[in-house]
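Read off the chains here:
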Amino acid sequence: MAENRLIALRVDTDVFTTFEGDNHVLTQLVAKELLTAYADDIKSMSPVDWVRFAANTVGERVMKRTAAEAIMQTIIDARQDSKEEASLFNRGTQVNMFEEREQYLLSSVARRLQGKSKEMSEFDAFNAVQDHVLHAASAHIDRIVLEAFVAGIDGCENEAARELLEILCDLYALSVIEDDKAWYIEHGYLSTGRAKAVTRGINDRCRALRPHTRTLVDGFGIPEPLRYAEMLHPENLPDAD
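So, how was this worked out
Residues numbered from 1 in each chain as written. Predicted model: local features only at pLDDT ≥ 70, side-chain atom pairs only at ≥ 80, totals over all residues. Heavy atoms only, no water. Salt bridge = Lys/Arg side-chain N within 4 Å of Asp/Glu carboxyl O. Helix = DSSP H or I, 4+ residues; strand = E, 2+ residues; numbered from the N terminus. Core = buried A, V, L, I, M, F, W, Y, C linked by side-chain atoms within 4.5 Å. Buried < 20%, exposed > 50% of the residue type's maximum accessible area, 1.4 Å probe, protein only. Contact = heavy atoms within 4.5 Å. Expected span 1.5 Å × (residues − 1). Arc of directions from axis to C-beta.

Examining the pattern of salt bridges
In this structure the tally under the stated criterion is 10 salt bridges. Here Glu 147 and Arg 143 are joined by a salt bridge, their closest N and O atoms 3.1 Å apart. In this pair, Glu 147 and Arg 143 are both assigned in helix α8 (residues 130–154), 4 residues apart and thus about one turn of the helix distant. If you follow the salt bridges from partner to partner, you end up with Arg 91, Glu 166, Asp 170 and Arg 205 in one network.

This is the structure:
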């Protein structure tokens, strides 16, 4: 077991039992920082400005949920040459979807906290909207990662590597959208047809990346001695024939 590094691998995995809790705490800290910055942004608003801000945000959500809007989106998505479906794979559209989700979640959790704080202590209010808080923080992290990905591609001078990174970036963006598909559908950003297009896009990009698996693994720079356990080393494997 030692020769095949199974003992070391087992020890390494033990720590993952605590990572989930650590990640939640760190995500909470991200959310608190975002809410603090958000509070600073709206601090100078008068009560009238705050009410107008809240009313406009809610109004936009209601408009996106109208039956006519949903039906029109469904009709557009049904077309094989749908520009709306194609736009899902446009980087600007992806970034915009990430940004709008973050902004909406942050403003809505701020309003929920404001309402809850009138009914209970600040600590209890924060716990009462815990799911919303974590969602907003995760949306922020997702956007930061996407923007960093886009910046990395922009700075890549190797054309072949750049093309591969574009596919990977698409896969990341579409995977995040699929993971939060319910939110995007509920708020009118995705119809059922567009949601299915997201899944198709993910599968297409996985197929496109399959021939480049070795290149992608090499990109992590894993030291050669760590790549194989003794029992899996090519020299010890029986001939495929």
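Next comes the rest of the write-up.
Looking at the nonpolar core
Core analysis: the largest hydrophobic core is formed by 39 residues, its most contacted members being Tyr 184 and Leu 190. Residue assignment for this core shows that the elements contributing at least two residues are α2 (16–42), α6 (91–116), α7 (122–128), α8, α9 (159–179), α10 (181–186) and α11 (192–209). Here this core takes 9 residues from α6, the largest share from any one element. Setting aside residues up to four positions removed in sequence, Leu 190 forms contacts with Leu 88, Met 97, Ile 177, Lys 181, Tyr 184, Ile 185, Ala 195 and Val 198.

Focus: α11
For α11, spanning 18 residues, the distance from its first C-alpha to its last is 26 Å, which sits close to the expected 26 Å at 1.5 Å a residue. If you check which residues of α11 are buried, you get Arg 194, Ala 195, Ala 197, Val 198, Gly 201, Ile 202, Arg 205 and Leu 209. Looking straight down α11, one finds its buried side chains confined to an arc of 150 degrees; they lie on one side. Along α11, exposed side chains directed more than 90 degrees from the buried face belong to Thr 192, Lys 196 and Arg 207.

Topic: the side chain of Asp 170
Take Asp 170: it is sitting in helix α9. Asp 170 has contacts with Phe 89, Arg 91, Gln 94 and Arg 205, leaving out every residue within four places of it along the chain.

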